[in-house]
Structures are given as structure tokens and as C-alpha cells.
Amino acid sequence: MWCRRLASLFKVPCQLSGSTRHRSPWLPCERRTVLAAVSHWHHTAPESLKCAWQLHGDHLELRYANTLMRFDFVWLRDHCRSASCYNAKTNQRSLDTASVDLGIKPKAVRVDETTLFLTWPDGHVTRYGLEWLVKNSYEGQKQQVMHPRILWNAEIYRQAQVPSVDCRSFLETDEGLKEFLQNFLLYGIAFVENVTPTKEDTEILAERISLIRETIYGRMWYFTSDFSRGDTAYTKLALDRHTDTTYFQEPCGIQVFHCLKHEGTGGRTLLVDGFYAAEQVLRQAPDQFELLSKVPLKHEYVENVGDCHNHMIGVGPVLNVYPWNNELYLIRYNNYDRAVINTVPYDVVHRWYAAHRTLTAELRRPENELWVKLKPGKALFIDNWRVLHGREAFTGYRQLCGCYLTRDDVLNTARLLGLQA
């Protein structure tokens, strides 16, 4: 998986305590250790071939399910799931983290085939399932992805023959909604067919999966070439590939487009998987990928048209990755709205331009371009954190409606339907 290859680029060294000079031999599961003042070991249970563990001055090492994990003692006390420390009804922590002694050490440790038991100096007992520890350890998270995806160019997407979902199935059945969301999560785009071509019906569609995010453009918007806003999108000109609202501190997560009418020619929508292009950069020039993920830039929107007066600034790198598993989760790419580069020192900026050129070349490869003709009745949902969109020039009258959705709500809907999101 591509995020694994990222891991080799940004490895975070594991910091072992200086107390590792007191390293003890690995202890198999089913053994019990009592920590005396002089740190003598006492083994009382038979060996298990499934896992092994050992204690250090400030942490526990545990090998289980082919994963070597290291747990700080404070972490082990803080995450206790006992009734006095964690409210299982609300899924919230009850323990006051700031009250945990930073020098805390367990008085006794025991591990059986499925569970880790820790007895603390005050007699409190913490129990962890070994599978839970693998899933929630730092080392376990490094081996997982937050959002499974299928990266695509135009040919890959066409060959996948990803189906559109019928509007009635989308609105009235969990099966239709789940199919739509699964497509959206995997590919970053998804279509709904047979939508009544009105703004009101498009709004009902959007609200099926999320709250609508109201922005400086309003809640639901009509989109024509009347230059009613200070943006190139409100013209008949072609638009190069880009992500929207890069000038927000948190760019909008999902964009909805529905073409209500077009009396003319041209106007096809361009879609490019930004994550697919980013992976090509990672393969060809990992140093440039790293630079694009580390250098912060400003994007800016200045508008003084009619009654609309806005000055928005968003800051962040072009590529954004989770620090624990180096999984790419957001691309912020918009050459129209990028502000003056004044957050990068002179000895870095030229290398950044070279890296930006490499990424742009990948984004502009014809084989990576998926062209779609939007027609009345066919609504398009775009993951604005992943998929870039653009437009060819057009003639005649063309009207779209759409909105932005809150990313958290879309992912929440997906999780409630049993999808990993």
C-alpha cells in the first residue's frame, strides 16, 4: 500500500529510555512479574508461544501478532477502561489525565493468552485485551491506513466501471446510500442519477449524507457565467485543475455539482486524482514529495464585487500527511489562489518550485485526466481534499447549482453504515 512507502521517507525513531541498560530477557505470556524495589524478576507461569514481553524503567515492551509495541507507563494508566476510569455508556474518559503521576510504574504485571493485567501502586487493576493494544498502539497504527482508497488515472477509473447510484435508492435505502459512500471513499468521486434538476432537490440529496457547510458563497448556490463573484469560475473561461477553498484554514471537504441547464457547447468537467499524482512524485522524487509536505504556503481570496467583500487566507503545505503513518490525507493545490510566497526562505524556495513543477506535470498528464459531461439529473460529489477539478471553456448559457458539505458528517454517515472512514 502506498502509505507504507511513505513510512520509509519520514521515519520517526523510537525513543527508548536510558533505563534500557537494565534490559531484561523477553518474558513469554502467561508470566507474572512483581516489581520490587530492587527490580527483581519473579516468573510464575508457563511459557506461551503467542507473545512475549519485558519491562523497562519507564515502559513495557510487548510482542504480539507480529507487532513489537512499546507502551509508556503513564499511557497505560491513562487509557484504563475500568468503570472508574472510563464511561462505557458515553465512550468518554472519566480519569483526570493530569492527576496521573508522571513517574508511575506498575506494581505487578501479568499477561495471559488474551489480556494484559497491570496492578498499580494504589491497588487499582487495569486490563487490556491484546488485540485492542495492537489496534491502538502507535506501532499498530503505523501499519494501518485511516482511509482505504483506490488510486486512479482515467483508464483505471473507466475499467473499474464504478456505477452511479439511482436517486431513489440513494434517498430511500441504506443499501443505496452505502454503495454510494463506498464508491466515494474509494475513488474520491461518486455520481447520483435521475435527480430532479432543481436547487431544492439537489439540497435534499446533499442533506442525505451531511450538514451543508455555509460559506462566504452562501448555503446552496447557483453558478453561472455572470461574474457575480470575484472568481474566474464565474466566467465562460476554461479552469485548470485545482482544489477549492485553499484559502480557508480548513478547506471544504466535499463539493456537490449539479448541472441544471446548458444551452451551448463545451463545459466538460475535468477530474484528476491528486493522490495518484502525488504517488508518482513519491516514486520519482521522494525528496520533492517531502518538501511539498513540509513547506507551508499561503492561499488568499480577495473579493470586492458588489456587496461581496472578503479577504480569506489559509495556510498549509500542498501535501498533508498523518505524522504517525505518513498517509496522505489532503492536497491543497490551486495556482489561481496561491498568495505571495513569503513563508519560505530563499535557499528553499527554488527547490520548492522544482517540486511544484514535478507535481504539476503529473497532474497535467493527459492519461490522468477524466473528462465528464455533466447533464441535468446527474449530480457529482467530489472529495475536495483529494480530487482536483477543472472545466473546459464553454459557450451559451450554463447553470450549475451546488454546495459544500462538512467532511466530518459525511465520514460519520459512512461509519454508521459500517464502512471504514
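For every chain, the first residue of the written sequence is number 1, and numbering continues from 1 along that sequence. Owing to the predicted nature of the model, reporting of local features is limited to residues with pLDDT of at least 70; listing and counting of side-chain atom pairs is limited to 80 or more, with chain, interface and lining totals taken over all residues. Side-chain descriptors were evaluated using all non-hydrogen atoms of the structure, hydrogens and water having been removed beforehand.

Going by an unreviewed UniProt entry, the protein carries the name Trimethyllysine dioxygenase, mitochondrial and comes from Oceanites oceanicus. UniProt positions are given in the numbering used here, feature names are shortened, and annotations may be inferred rather than shown by experiment. Under the UniProt heading Subunit (unreviewed entry), the note attached to the protein is "Homodimer." We quote the UniProt Subcellular location (unreviewed entry) comment for the protein here in full: "Mitochondrion matrix".

Undergrad: Is there a simple way to think about the pattern of salt bridges in this case?
TA: Side chains that differ in charge, positive against negative, can pair when their charged atoms come close. Think of a salt bridge as a Lys or Arg side-chain nitrogen and an Asp or Glu carboxyl oxygen that are within 4 Å of each other. Tallied over the entire structure, the rule returns 17 salt bridges. Notably, a salt bridge pairs arginine 208 with aspartate 174, separated by 4.0 Å at the nearest N-O pair. Within this pair, whereas arginine 208 is found in the loop between helix H8 (199-207) and strand S13 (212-213), its partner aspartate 174 is found in helix H7 (residues 174-187), the two being separated by 34 residues in sequence. Of the charged contacts, one joins glutamate 362 and arginine 365 as a salt bridge, the two residues approaching to 3.1 Å between their closest N and O atoms. With a 1.4 Å probe rolled over the protein chains alone, any residue whose accessible area is under 20% of its type maximum counts as buried; one over 50% counts as exposed, and the rest are partly exposed. The class for arginine 365 is partly exposed, based on a relative accessible area of 34%. Residues joined in a network through salt bridges with shared partners are Asp240, Arg241, Arg364 and Glu369. Think of it this way: any DSSP run of H or I at least four residues long counts as a helix, any run of E at least two long counts as a strand, and we number them from the N terminus.

Undergrad: For this particular structure, what's the right way to read the packing of aromatic side chains?
TA: Each pair of aromatic rings is reported with the distance of its centres and the angle of its planes. For Phe, Tyr and Trp, rings pair up if their centres lie within 6.5 Å, where Trp contributes its six-membered ring, and each pair is then called stacked (planes under 30 degrees apart), edge-to-face (over 60) or tilted (otherwise). Using the criterion set out here, one finds 19 aromatic pairs in the structure. Judged by centre distance (6.3 Å) and plane angle (45°), the rings of tryptophan 75 and tryptophan 132 are tilted. Linking tryptophan 75 in helix H2 (residues 73-78) with tryptophan 132 in helix H3 (residues 130-136), this pair joins segments that are 57 residues apart in sequence. Classification of tryptophan 75 as partly exposed rests on a relative accessible area of 24%. Residue classification places tryptophan 132 among the partly exposed positions, given a relative accessible area of 27%. Consider the rings of tyrosine 217 and tyrosine 301, whose centres lie 6.0 Å apart with planes at 55°: the pair is tilted.

Undergrad: Would you mind showing me how to read H8 here?
TA: An α-helix turns once per 3.6 residues; consequently, residues spaced three or four apart project the same way. Among the residues of H8, those classed as buried are Thr202, Leu205 and Ala206. Taken down its axis, H8 places every buried residue within 95° of arc, on the same side. For this analysis, residues touch if any pair of their heavy atoms sits within 4.5 Å. Each element contacted by the buried residues of H8 is listed here: helix H6 (167-172), strand S12 (189-193), S13, strand S16 (254-263), strand S23 (379-383) and strand S25 (397-405). Think of it as the arc spanned by the lines of direction from the helix axis to the C-beta atoms.

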